[in-house]
Amino acid sequence: MVFIISIVFLAISMASCSSPSERPNKSLGYDWSSLYNDSLFLFEKGILVITPDRKQTGFMVFSEDSSRIELFLPHDSVEMFVRNDKSEKWLGEKEQEIVFESKIWTAKAQDKVIYRQPITECEPALVSLEINTYKSVLADNEKKGAHYILGIRNQAHNGDGIFQLIRTWSDTHSRMDSARMDWGIRYTLRGMIGNNDATIWQCRSNSGEIFNFFHDDNETIVLLNSEEQFTDTLKVCRF
């Protein structure tokens, strides 16, 4: 229950941080679900899973009767799993299965773990879950290039976490291809050019892109380019 409330809060937070024209559509984090015959906001509906090497993330979505699971993976890949009778096992193709072991959801291929729910996403760890949303300081009509909304979810005092990044472009705002959503793993690093003590958030997306943010303080982060120069300032949203 805590998990569901936290995910919904993140979805609401990211929507509240944006103007109506920026709020999620299919280009902003919605994926088509054949289970529901509708577009779903995975941060709201899905259960997060990650690979053992923590380089890739995915989301599991259950049907209303829990008989089937859709597993959303990188590169727009979606796999379907069907429950084996009333057991805690859902079977897919290529000898793949999803099981509920030790209170953690796990996807396996030929008995090898390929995705697993992070322990920080399970109760009671969620008691200390932190969710923050950051938005570009300048309005769309005041800046050129991409406009950023970054959502971060992590356990308190843990440098790792997951992120969702929404980018929109003001010059083609009404076009479907004027927005993009990325999600993946957030790591906390130390040091940058000219500042060995700097705290850097490195966001590695499922598509392979890397976004580096200088953590200025609890209110402000700054996007860095490949030369570690400041390019855009984002402020935390308060509600």
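Residues numbered from 1 in each chain as written. Predicted model: local features only at pLDDT ≥ 70, side-chain atom pairs only at ≥ 80, totals over all residues. Heavy atoms only, no water.

**As for the packing of aromatic side chains**
Argument step 1. A complete count under the given rule lists seven aromatic pairs for this structure.
Argument step 2. Seen from their ring centres, F62 and W90 are 5.8 Å apart, and the 90° between their planes marks the pair as edge-to-face. Of this pair, F62 sits in strand β4 (residues 57–62) while W90 is found in strand β7 (residues 89–91), placing the two residues 28 residues apart along the sequence.
Argument step 3. Seen from their ring centres, F100 and W105 are 4.6 Å apart, and the 45° between their planes marks the pair as tilted. (Phe/Tyr/Trp six-rings, centres within 6.5 Å; stacked < 30°, edge-to-face > 60°. Helix = DSSP H or I, 4+ residues; strand = E, 2+ residues; numbered from the N terminus.)

**Quick word on the nonpolar core**
Argument step 1. Core analysis: the largest hydrophobic core is formed by 15 residues, its most contacted members being Y134, L150, F213, I221 and L234.
Argument step 2. Going through the elements one at a time, β12 (146–155), β13 (161–169), β15 (195–205), β16 (210–215), β17 (220–224) and β18 (230–236) are the ones with two or more residues in this core.
Argument step 3. Filtering out sequence-adjacent residues up to four positions away, I221 remains in contact with Y134, L150, W201, F213, F214, H215, D216, D232, T233 and L234. (Core = buried A, V, L, I, M, F, W, Y, C linked by side-chain atoms within 4.5 Å. Buried < 20%, exposed > 50% of the residue type's maximum accessible area, 1.4 Å probe, protein only. Contact = heavy atoms within 4.5 Å.)

**Concerning the confidence of the model for the chain**
Argument step 1. Looking at the chain as a whole, its pLDDT mean stands at 79, while 77% of the residues score no less than 70.
Argument step 2. Across the chain, element-level confidence peaks in β16 with a mean pLDDT of 96 and bottoms out in helix α1 (residues 2–16) with 42.
Argument step 3. Scored below 50 in pLDDT, residues 18–27 shows 23 contacts in the model against residues more than four places distant or in partner chains.
Argument step 4. Every residue in residues 172–177 scores below 50 in pLDDT, and together they form seven contacts with partners more than four places removed in sequence or on other chains. (pLDDT = per-residue confidence, 0-100.)

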